[in-house]
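Here are the chains, one letter per residue:
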Amino acid sequence: MSDRIYNFNPGPAALPLPALEKAQKELLNYMGTGMSMMETSHRSKEFDEVLNECKSLLTSLMKIPENYQVLFLQGGASLQFAMIPMNFLEDGKSADYINTGSWSAKAIKEAKLISKVNIAATSENDDFRLIPKQEDIQFDPAACYAHITSNNTIKGTQWPAFPDTGNVPLIVDMSSDILCREVDVKQFGLIYAGAQKNLGGSGVTLVIIRNDLLEKQARELPTMLRYTTYSEKNSLYNTPPSFAIYIVKLCMEWVRDQGGVTAIQKFNEEKGRLLYGMMEKYPEFYRGTVEPGSRSLMNVTMRLPSEDLEKQFISEAKEAGFHGLKGHRSVGGIRVSMYNAISVKAIQDLCGFMETFQKKNS
Ligand SMILES: *Cc1c(COP(=O)(O)O)cnc(C)c1O
């Protein structure tokens, strides 16, 4: 597969090659049905098996306890920003939000349309270079829930450990780091993630929700905006994004074949050691933008000595086969998105390129 590039796109992002190859192999004739999974009824035995296998893979990979439901929705993580307060934020009450960057801010904006928001902590004064410490967070014990963004895709920070919210359900946006490391699902009332970074392609959103939250219904809502619609019908109330769910299933098979989340975490730690190590070797040239204790293993952000050098870096990297390294338009600089499907080899090769580039240009 020599025509495949090193794809460091932030999302939609690189997918595991074995998953793509299996999708290709099955594209025209899924399991002898004579049609594609894309053309198969969502009420068919074939799709039912895909859906249930996808759920069961996720359940075993993440060790999801029995009192949680695994749901597949549409509308991206962005619709979750609205559905969460619609379903759980009662009129006159408030929810805690921790602001660690652009995605948190978008979640806060939606919640404010529904009721009150308490900003329990924010790293805005530090230009979002760090994750707040437990002792700096003012949780409200009467909050309907507390919301955090576990990995800040744009700013390059990631919660090293999750905060203790006592009896208040903790809700987490894991769009850009789900399955990157072992996580105790029991810490959360609800986990959500758009699929297009670490789970599969775009078009489907994973929601893992604890049963007691399903019983909390803050208000009357249209059918498609209630979590119970999805939990009661096994995500089949209406036509689900069946092909996107099928791709998630193939990617979860790949995670399993790698040795599960334990093995994936080891690869990710190795990738982080290599890339942050290269930046630490040339700290004046590859200047990390976040505090070392808050560094992300998924999105590594840095600045070079000048914007001209950054442009040159991005274009020479592209010529050398490393794509998608431009920082988000709101922050500039360089961003290396290295989700689960990015191999250790890809980061070794990128580090080789960085070393040469540094020598030539400093
Ligand atoms: C990409 C991203 C989103 C937005 O996801 P959509 O599926 O495009 O709505 C939300 N939160 C985080 C942390 C993200 O990385």
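A brief structural summary. Keep in mind that what you see is a predicted model, and the values were worked out from it rather than measured. (Residues numbered from 1 in each chain as written. Predicted model: local features only at pLDDT ≥ 70, side-chain atom pairs only at ≥ 80, totals over all residues. Heavy atoms only, no water.)

## Re the nonpolar core
Next, step 1: Counting 55 residues, the largest nonpolar core has Leu58, Phe72, Ile178, Leu179, Ile191, Leu199 and Met252 as its most contacted members.
Next, step 2: With 10 residues, the single largest contributor to this core is helix α7 (residues 242-258).
Next, step 3: Ignoring sequence-local partners within four residues, the contact set of Ile178 consists of Met62, Ile191, Ala193, Asn198, Leu199, Leu206 and Asn340.
Next, step 4: Of all hydrophobic cores here, the second largest spans 30 residues; its members include Leu274, Tyr276, Tyr282 and Phe353. (Core = buried A, V, L, I, M, F, W, Y, C linked by side-chain atoms within 4.5 Å. Buried < 20%, exposed > 50% of the residue type's maximum accessible area, 1.4 Å probe, protein only. Helix = DSSP H or I, 4+ residues; strand = E, 2+ residues; numbered from the N terminus. Contact = heavy atoms within 4.5 Å.)

## Quick word on the pattern of salt bridges
Two side chains carrying opposite charge are able to pair once their charged atoms lie near each other.
Next, step 1: Following the criterion strictly, the structure yields 18 salt bridges and no others.
Next, step 2: When the shortest N-O distance is used, the salt bridge between Glu280 and Arg295 registers 2.9 Å. Linking Glu280 in helix α8 (residues 260-281) with Arg295 in the loop between β11 (287-288) and β12 (299-303), this pair joins segments that are 15 residues apart in sequence.
Next, step 3: For Arg295, a relative accessible area of 25% corresponds to the partly exposed category.
Next, step 4: Between Arg303 and Glu310 there is a salt bridge whose closest N-O contact spans 2.7 Å. (Salt bridge = Lys/Arg side-chain N within 4 Å of Asp/Glu carboxyl O.)

## So, the environment of Gln134
Next, step 1: Within the secondary structure, Gln134 sits in the loop between β4 (116-122) and β5 (146-149).
Next, step 2: Sequence separation of Gln134 and Val255 is 121 residues, and the distance between their C-alpha atoms is 32 Å.
Next, step 3: Ignoring anything within four residues of it in the chain, the contact list for Gln134 reads Phe139, Pro163 and Asp164.
Next, step 4: A distance of 2.8 Å separates a polar atom in the side chain of Gln134 from the backbone nitrogen of Asp164. (Polar contact = N/O pair within 3.5 Å; in protein donor to acceptor, adjacent residues only side chain to side chain.)

## As for the site of the ligand
Next, step 1: Around the ligand, the surrounding shell holds 13 residues, and the nearest of these are Ser78, Thr153, Asp173, Gln196 and Lys197.
Next, step 2: Between an oxygen atom of the ligand and a side-chain N or O atom of Thr153, the distance comes to 2.5 Å.
Next, step 3: The side chain of Asp173 places a nitrogen or oxygen atom 2.6 Å from a nitrogen atom of the ligand.
Next, step 4: Look at the ligand: alone it shows 390 Å² of surface, and the protein chains cover 86% of it.
Next, step 5: When residues of the shell around the ligand are assigned to their parent elements, the largest contribution, four residues, is made by helix α3 (residues 76-88).
Next, step 6: Of the residues belonging to the shell around the ligand, the class tally is three nonpolar, eight polar and two charged. (Near = heavy atom within 4 Å. Areas by Shrake-Rupley, 256 points an atom, 1.4 Å probe, with all protein chains shown as cover. Nonpolar A, V, L, I, M, F, W, Y, C, P; charged D, E, K, R; others polar.)

## Here we look at the packing of α7 against α8
Next, step 1: Contact pair α7 / α8: the axes reach a minimum separation of 6 Å and the direction vectors enclose 80 degrees. Considering their axes alone, α7 and α8 lie roughly perpendicular with respect to each other. Of α8, the residues touching α7 (which contributes Trp254, Val255, Arg256 and Gln258) are Gly260, Val261, Ala263, Ile264 and Phe267. (Axes fitted to C-alpha atoms, helices over the stretch in contact; angles between N-to-C directions. Parallel < 35°, antiparallel > 145°, perpendicular 65-115°, else oblique.)

## Describing the packing of aromatic side chains
Next, step 1: All chains considered together, the criterion is met by 18 aromatic pairs.
Next, step 2: Ring centres of Tyr6 and Phe322 lie 5.4 Å apart, and the angle between their planes is 15 degrees; on these two criteria the pair is classed as stacked. Residue Tyr6 is located in strand β1 (residues 6-7), and its partner Phe322 is located in strand β13 (residues 322-323); the two are separated by 316 residues in the primary sequence.
Next, step 3: Looking at Phe322, the relative accessible area reads 6%, which means it is buried.
Next, step 4: Aromatic pair Phe285 and Tyr286: ring centres 4.9 Å apart, planes at 85 degrees, arrangement edge-to-face. Exposure class is identical for Phe285 and Tyr286. Each is buried.
Next, step 5: An aromatic cluster is built from Tyr6, Phe8, Phe285, Tyr286, Phe313, Phe322, Phe353 and Phe357, whose rings are joined through pairwise contacts. (Phe/Tyr/Trp six-rings, centres within 6.5 Å; stacked < 30°, edge-to-face > 60°.)

## Structural notes on the sheet that holds β12
Next, step 1: Strand order in the open sheet formed by three strands is β11-β12-β14, with antiparallel pairing between adjacent strands. Whereas interior strands pair on both sides, the edge strands pair on one side only; in this sheet they are β11 and β14 (334-337).
Next, step 2: The pairing of β11 with β12 spans two bridges and is antiparallel. The residue of β12 that forms the bridge with Arg287 is Arg303. (Pairing = 2+ DSSP bridges.)

## Some remarks on the state of the cysteines
Next, step 1: Tallied over the entire structure, the rule returns zero disulfides.
Next, step 2: Of all cysteine sulfurs in the structure, the one in Cys251 sits closest to Cys54, which takes part in no disulfide; the separation is 9.2 Å.
Next, step 3: With no disulfide of its own, Cys180 has Cys251 as its nearest cysteine by sulfur position, at a separation of 16 Å.
Next, step 4: We classify Cys180 as buried; its relative accessible area is 0%. (Disulfide = S-S within 2.5 Å.)

## Some words on the sheet that holds strand β3 (residues 94-99)
Next, step 1: What the seven strands build is an open sheet, ordered β2-β10-β9-β8-β5-β3-β4; its pairing is mixed. Two strands close off the open sheet at either side, each with one partner strand: β2 (68-73) and β4. Pairwise comparison of adjacent strand axes, ignoring direction, gives a mean angle of 20 degrees for this sheet.
Next, step 2: As judged from the two bridges shared by β3 and β5, these two strands associate in the parallel manner. Note that in β5 the partner of Tyr97 across the bridge is His147.

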